[in-house]
Amino acid sequence: MDPTQALIRTVLNPTARIAPDLAGRAAFELFRRPLRRSRVRPDEQDVHRRAVREPLAVDGGQVVGYRWGGGERPVLLLHGWRSRASRFAPFVPRLQALGLSVLSFDAPGHGDSGEHATSVLEYRDIALRLQERYGPFEAVVAHSLGVCAAFGALADGLRAGRLAAVSGVSEVGFFPTAFCAGLGLNAAVEEALRRRIEQELFAGDAGAWERYDAALQAGSLDLPVLLLHDEGDRVVPPAQAHRLRRAFGDRLDLVVTQNLGHRRIIREPAVVDQVIGFIAAGSEVAAA
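Residues numbered from 1 in each chain as written. Predicted model: local features only at pLDDT ≥ 70, side-chain atom pairs only at ≥ 80, totals over all residues. Heavy atoms only, no water.

Draft legend 1. Representation of the nonpolar core in the model. Ranked by size, the top nonpolar core spans 64 residues in total, and within it Leu76, Phe151, Leu158, Leu163 and Phe175 carry the most contacts. Counting 30 residues, the second-largest nonpolar core is a separate cluster that includes Val64, Tyr66, Leu260 and Ile276. (Core = buried A, V, L, I, M, F, W, Y, C linked by side-chain atoms within 4.5 Å. Buried < 20%, exposed > 50% of the residue type's maximum accessible area, 1.4 Å probe, protein only.)

Draft legend 2. Layout of the environment of histidine 242. Structurally, the position occupied by histidine 242 is in helix H10 (residues 239–248). By relative accessible area, which is 36% here, histidine 242 ends up partly exposed. With residues near it in sequence (within four places) discarded, histidine 242 still touches Leu254 and Val256. (Helix = DSSP H or I, 4+ residues; strand = E, 2+ residues; numbered from the N terminus. Contact = heavy atoms within 4.5 Å.)

Draft legend 3. Quick look at the pattern of salt bridges. Under the counting rule described, the total for this entry stands at 22 salt bridges. For aspartate 43, the salt bridge goes to arginine 267, with nearest N and O atoms at 2.3 Å. Of the two residues, aspartate 43 sits in the loop between helix H2 (20–31) and helix H3 (45–50) while arginine 267 sits in the loop between strand E8 (252–257) and helix H11 (269–287), which places them 224 residues apart along the sequence. The exposed category is assigned to aspartate 43, whose relative accessible area is 54%. The partner of arginine 194 in a salt bridge is glutamate 190, with the nearest N and O atoms 3.2 Å apart. Here arginine 194 pairs with glutamate 190, and both are found in helix H8 (residues 187–200), just four residues apart, close to one helical turn. Each of Asp43, Glu44, Arg87 and Arg267 takes part in a single network of salt bridges with overlapping partners. (Salt bridge = Lys/Arg side-chain N within 4 Å of Asp/Glu carboxyl O.)

Draft legend 4. Here's a closer look at the pairing of strand E4 (residues 101–106). Most of E4 is tucked away: six of the six residues are buried. Of the two faces of E4, the one carrying Ser101, Leu103 and Phe105 and the one carrying Val102, Ser104 and Asp106 are both buried. With five bridges connecting them, strand E2 (residues 61–68) and E4 associate as antiparallel partners. Its bridge partner being in E4, glycine 65 is matched across the sheet by phenylalanine 105. Where strand E3 (residues 74–78) meets E4, three bridges bridge the pair, whose relative direction is parallel. Opposite leucine 76, over in E4, you have leucine 103 as the bridge partner. The parallel pair E3 and E4 is bridged by helix H4 (residues 92–97), and the resulting crossover is right-handed. (Pairing = 2+ DSSP bridges. Right-handed = clockwise from strand over helix to strand, strands pointing away.)

If you want it as structure tokens, here you go:
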């Protein structure tokens, strides 16, 4: 653990015992803010430059939206934590070759967007705003945090023909647990953080934890799902994928990869091929 993480643990763990609200507030501010922004990589620059930039309003601020194509037959791409839309560069020309338009955005606090914090609720709101502008999506492709956001948006009115989910989180409750475990924060801090999340993000609604659990909502989500997850993923354990497989049954195809980890998997050519093939199959069914 680096010195900053050690300091956070040293301060918050004892604070949670004597002033849990204060510890919860401090943990919440850290929890929702990415500590760094990802830059556009050299091999992403050509695709990134070709995008039409479209500002999108969210919670009084603005994020940067990206569009490749005219907006017809749209596919939505949702990036993960501390990532950005350009990470999907390998997918964009392949999707356009299928006659699809591609839409994405840098979430608040990520990439070229403003603000400093974000949540799955903001992902949902932006996705629904794009749907209002361009209509229902042929497919959604999501990675990591974006997968949890995609399932939540689908449960709240987003319409899509298919979902390709890579290294996905299946339940919003995973995030505070993983956050506290990563920093060595104790159970008292996690409890205080969860209370603060309920107050600040869910307006005091404790039932939101279940509504943003895709495994519990599987019965109401009627679309084919392709799930790809690496068996050695140290950021999002493969158990998250397997609980989705059990919940969705035959409507979900699970592909387990090896030696790709959490981040490299989204750029692996064989993974890109599988996602594109999955989306192409849906387009053929729609055209039949």
